[in-house]
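# Observations on the three-dimensional arrangement
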Amino acid sequence: MARATAATSLVLIFFLSFMLFSSSFSSASSSWKSKKHHKPCKHLLLFFHDIIYNGRNAANATSAIVAAPQGANLTILADKFHFGNIAVFDDPITLDNNLHSPPVGRAQGMYIYDTKNTFSAWLGFTFVLKTKDYQGTINFNGADPLMNKTRDISIVGGTGDFFMHRGVATLMTDSFEGEVYFRLSVDIKFYECW
Amino acid sequence: MARATAATSLVLIFFLSFMLFSSSFSSASSSWKSKKHHKPCKHLLLFFHDIIYNGRNAANATSAIVAAPQGANLTILADKFHFGNIAVFDDPITLDNNLHSPPVGRAQGMYIYDTKNTFSAWLGFTFVLKTKDYQGTINFNGADPLMNKTRDISIVGGTGDFFMHRGVATLMTDSFEGEVYFRLSVDIKFYECW
Amino acid sequence: MARATAATSLVLIFFLSFMLFSSSFSSASSSWKSKKHHKPCKHLLLFFHDIIYNGRNAANATSAIVAAPQGANLTILADKFHFGNIAVFDDPITLDNNLHSPPVGRAQGMYIYDTKNTFSAWLGFTFVLKTKDYQGTINFNGADPLMNKTRDISIVGGTGDFFMHRGVATLMTDSFEGEVYFRLSVDIKFYECW
C-alpha cells in the first residue's frame, strides 16, 4: 500500500513535470507570437489622392505648398527636385484606386521634399479612418524616396480601433499626373495589435 | 508511518500543483498586463498654454506662425480654417488650468492646420518635463480635430523617466480665447512602461 | 522501503519546487529581457553633417531654411535663438567624424527651432542607411536642447534591417562652426529589435 502510494506520487510528479515544461514552453511561444512574428496581425490596403494647389484649382485642391526655399513661390513646386518645399494636405482615402469612390477617411499631415538630386520626401501624417470595419487613427513617419517602386515607412501608433498598434506601411505611386495629382497605394501591415 | 509520509507527499504535490497553476496563470496575466491590458501603467494629467504671436504681443507670445499658404501672412491665421498654417511653439506646461501656475515643463514642436472645411491640425511635439516625480521627455504625433470634445493622439516614445514608453493622450480644449490664446488638457495614459 | 520511497518523492518534490521557482523566475527574467532590460539589442554610433544654405554655398549646402517668423528671411537664421525657423535637410551620414569619409547613408527630414530663450529644436527625420551590415531606415522624433551636452530622442520605428525596431538615440554636438556647419554624433541604442 505504502509502495503503491509512493508510486502514485511519482506518477503525479512526472505528470507535474510534464505540465511544468509544457507550461514554460507555451509561455515562451506566446511571447514569441506577440512580439516577433513577421506576419501581420491586421492588414489594410488603402489609396489616397493628392491634388496640389497651383493657383488655379482652389476648389479641387487637397494640398498646398506652405513653405519653400529662398527664391521659390507657393504655387509652383521648387526647382532641384522640389528641395525645401513643405506641403500640407487633407487627402481623401478610398478603398480602390478611383478618386471618385466614396472616401473612407482622410490622410492629414505634411510632406517635405528634402533632397536636391532625386525626388524624395519626409512624411508625417495621420489616417483618420471611418470604414465599415474600423474607426480610429493611424500615425505614420518616414522617408519616401519617390523613384523607388515600393517604400516602407513606420506606423508609430494608433488610436480607436488601432489603439497602440505599430507596423510598417508600404507605399507605391499608383498614379502621377504632371505635378498636380498623385495617388499612393498604402499597404498597411500591423505587427503589434493589442 | 509510510502511509502518513506518502499522504504528506500527496498534499505537497497538490500544493505544488496549485502553485504551478497559479504561477502559469500569473505569468499569463502579467504578460497580458504588460502588452494587452487597457489599463494605464502610468497616468498624468497636464495642461499647456499657447499664446500665438499676432504682431503686437512679442513679449507674451509662446508660438508663431512660420508658414502660410499663398496670399496669407504670418501674423493672422489664414482663411479657410487656417488651412496651410504651420505654428511653432514653446508652451508652458502646468499641473492645473491656470496659465500663471508654476510651469513643470515645456511643450515644444509644431501644429499644422491641415483642413479646409473644419478646424483640424496635425501635431508633432514633445513634452520636456521636470516635475517633482518625473524628469524626461514624451513624444507625441497625431491628428487633432479641434471641434471634437476629445481627441486621441499617439505617444510614440519617451526618454528619461519615460524611457521607451508608449501610450495614448486624450486632448481637450480647456479654453479658447479669440484666436490668440488656447489651453489644452492632456490626459496622458501610458500602456507600455518598461 | 516505503519510507525510502516517500523520502525520494520528497526530494523530487523539492527538486520540482526548485524548478518551478526557477522556471517562473526565468519566465519573468525572459520577459524582463525582451521588454524591460536596459541593455541595447542593437547598437550603432554614427555621425551626420549639416551645411545650411546661406545664399552663397548652394553647391555644398545640405540643408535650407524654408520657414521663418515674420520679418526674418531664408538665408540667415532668425534672431531670438532662431525661434520659428524650419530647416529641411538631406545630410550625409558617416561612420566617423570626418565630413569627407564615404557616406553610409543620408539623414533626411527637418529641424524646427522652437525656443526664444535658448537654442532648442524639434526633430523629425529618418536615417536611410546602406552600411556593410545594415540596409534600412530608422525614424526619429524628439526635442533637441542644443546647449545640453547630451540629448535623448526617441526612435519611433524602423524598416528593412531595422524592421519594427524602437529605441533611444543620444545626440551630441561634435562640431559647430559659425552658423553654417554642425556635426552631430548619434548614439543609436535599440531596445526592441524583433
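Just above, that's the structure.
We now examine the overall build of chain A. A count of helices and strands for chain A gives two helices and nine strands. Secondary structure elements in chain A, listed N-terminal to C-terminal, are α-β-β-α-β-β-β-β-β-β-β. Across the 194 residues of chain A, 56% fall into the buried class. Taking contacts inside chain A between residues at least 6 apart in sequence as the whole, the part at least 24 apart equals 48%.

Following the sequence through the fold, Thr126(C) ends up in strand E5 (residues 120-130). In this structure the side chain of Thr126(C) is engaged in a polar contact, spanning 2.6 Å, whose partner is the side chain of Asn139(C). The contacts of Thr126(C), once residues within four sequence positions are left out, are Trp122(A), Gly142(A), Ala143(A), Arg106(C), Ala107(C), Gln108(C), Thr137(C), Ile138(C) and Asn139(C).

Tallied over the entire structure, the rule returns 45 aromatic pairs over all chains. Between Phe127(B) and Phe140(B), the aromatic rings sit 5.0 Å apart at their centres with planes inclined by 65°, giving edge-to-face as the arrangement. Of this pair, Phe127(B) sits in strand E5 (residues 120-130) while Phe140(B) sits in strand E6 (residues 135-145), and the two are 13 residues apart along the sequence. Like Phe140(B), Phe127(B) is buried. Within the aromatic cluster, the residues linked to one another by ring pairs are Phe48(A), Phe89(A), Tyr111(A), Tyr113(A), Phe125(A), Phe127(A), Phe140(A) and Phe182(A).

A separate point is the pairing of strand E8 (residues 166-177) of chain B. Direction of pairing for strand E7 (residues 151-160) of chain B relative to E8(B): antiparallel, over a ladder of five bridges. Within E8(B), the residue paired with Asp152(B) across the bridge is Thr170(B).

All names here are of chain B. Positionally, Ser101 belongs in the loop between strand E3 (86-94) and strand E4 (105-113). At a separation of 2.6 Å, a polar atom in the side chain of Ser101 contacts the side chain of Asp96. Beyond its immediate chain neighbours, meaning those up to four positions away, Ser101 contacts Thr94 and Asp96.

In this section: the pattern of salt bridges. Considering all chains together, one arrives at 18 salt bridges over all chains under this definition. Note that Glu192(A) and Arg166(A) form a salt bridge whose closest N and O atoms lie 3.3 Å from each other. Taken together, the residues Glu192(A) in strand E9 (residues 181-192) and Arg166(A) in strand E8 (residues 166-177) connect sequence positions 26 residues apart. In this pair, the class of Glu192(A) matches that of Arg166(A), namely buried. Here Glu192(A) falls in the buried class, since its relative accessible area comes to 1%. In this structure, a network of salt bridges that share partners links the residues Arg166(A), Glu192(A), Arg166(B), Glu192(B), Arg166(C) and Glu192(C).

The next thing to look at is the state of the cysteines. Residue and element names in this part refer to chain B. Enumeration according to the criterion identifies three disulfides over all chains in this entry. Disulfide pairing is shown between Cys41 and Cys193; the S-S distance is 2.1 Å. Measuring handedness by torsion sign, the sulfur bridge of Cys41 and Cys193 sits at about 90° and is right-handed. Placement of the pair is Cys41 in the loop between helix H1 (2-35) and strand E1 (42-51) and Cys193 in the segment after strand E9 (181-192), with a sequence separation of 152 residues. Judged by its relative accessible area of 41%, Cys41 falls in the partly exposed class. Owing to a relative accessible area of 11%, Cys193 belongs among the buried residues under this scheme.

Before going further, it helps to spend a moment on the environment of Gln108(C). Checked against the element boundaries, Gln108(C) lands in strand E4 (residues 105-113). Judged by its relative accessible area of 7%, Gln108(C) is buried. Each C-alpha atom of the pair Gln108(C) and Phe127(C) lies 6.5 Å from the other, and the pair is 19 residues apart in sequence. Within the structure, Gln108(C) has its side chain in polar contact with the side chain of Thr115(A) (distance 3.5 Å). Within the structure, Gln108(C) has its side chain in polar contact with the side chain of Asp90(C) (distance 3.0 Å).

Membership of the largest hydrophobic core comes to 34 residues, with the highest contact counts inside it found for Phe48(C), Tyr111(C), Phe127(C), Leu129(C), Ile138(C), Phe140(C) and Ile188(C). Sorting the residues of this core by element identifies strand E1 (42-51), strand E3 (86-94), E4, E5, strand E6 (135-145), strand E7 (151-160), strand E8 (166-177) and strand E9 (181-192) of chain C as the ones contributing at least two each. Once you skip the residues sitting within four places of it in the chain, Ile138(C) turns out to touch Phe125(C), Thr126(C), Phe127(C), Leu129(C), Ile155(C), Gly157(C), Gly158(C), Phe162(C), Ile188(C) and Phe190(C). If you look at the next biggest cluster of nonpolar residues, it comprises 32 residues, including Val104(B), Tyr113(B), Ala121(B) and Val186(B).

This part is about the pairing of strand E6 (residues 135-145) of chain A. Residue and element names in this part refer to chain A. When you tally the buried positions in E6, you get nine out of eleven residues, the bulk of the element. If you look at the hairpin formed by strand E5 (residues 120-130) and E6, you'll find four residues sitting between the two strands. As judged from the six bridges shared by E6 and strand E7 (residues 151-160), these two strands associate in the antiparallel manner. Following the sheet pairing, Thr137 is matched in E7 by Thr159. Two successive antiparallel strands, E6 and E7, enclose a turn made up of five residues.

With that settled, consider unusual backbone geometry. Residues and elements named next belong to chain A. Although it is not a glycine, Phe81 adopts a positive phi angle of roughly 60°. Within the element layout of this structure, Phe81 appears in helix H2 (residues 79-82). Here the phi dihedral of His82 falls at roughly 65°; this positive angle occurs in a residue that is not glycine. Along the polypeptide, His82 turns up in helix H2.

So, on to the environment of Leu184(A). All names here are of chain A. Relative to the helices and strands, Leu184 is located in strand E9. Its relative accessible area of 4% is what places Leu184 among the buried residues. Excluding residues that lie within four positions of it along the chain, Leu184 makes contacts with Leu46, Phe47, Phe48, Asp144, Arg151, Leu171, Met172, Thr173 and Asp174.

Rules of the game
- Position numbers for residues start from 1 in each chain and track the written sequence from start to end.
- Here the convention is simple: chains get letters from A, ligands get numbers from 1, in the order in which they are written.
- Totals for whole chains, interfaces and linings use every residue, but because this is a predicted model, local features are given only for residues with pLDDT of at least 70 and side-chain atom pairs only at 80 or more, for both listing and counting.
- Computation of side-chain values: all heavy atoms of the structure, hydrogens and water removed.
- In this description a helix means any DSSP run of H or I spanning at least four residues, a strand means any run of E spanning at least two, and both kinds are numbered starting from the N terminus.
- Exposure classes here rest on a 1.4 Å probe applied to the protein chains alone. A residue is buried below 20% of its type maximum, exposed above 50%, and partly exposed in between.
- Contacts are assigned to residue pairs that have any heavy atoms within 4.5 Å of one another.
- Residues adjacent in sequence count toward polar contacts only when both atoms are side-chain atoms; beyond that, a polar contact is any pair of N or O atoms within 3.5 Å, and within protein one must be able to donate a hydrogen and the other to accept it.
- Here a pair means two rings of Phe, Tyr or Trp (six-membered ring of Trp) with centres within 6.5 Å. Their orientation is stacked below 30 degrees between planes, edge-to-face above 60, and tilted elsewhere.
- We call two strands paired when DSSP finds no fewer than two bridges between them.
- Any carboxyl oxygen of Asp or Glu that lies within 4 Å of a side-chain nitrogen of Lys or Arg is treated as forming a salt bridge with it.
- Two cysteine sulfur atoms form a disulfide, by the criterion used here, when they sit within 2.5 Å.
- Buried residues of nine kinds, namely Ala, Val, Leu, Ile, Met, Phe, Trp, Tyr and Cys, make up a nonpolar core once their side-chain atoms join them within 4.5 Å.

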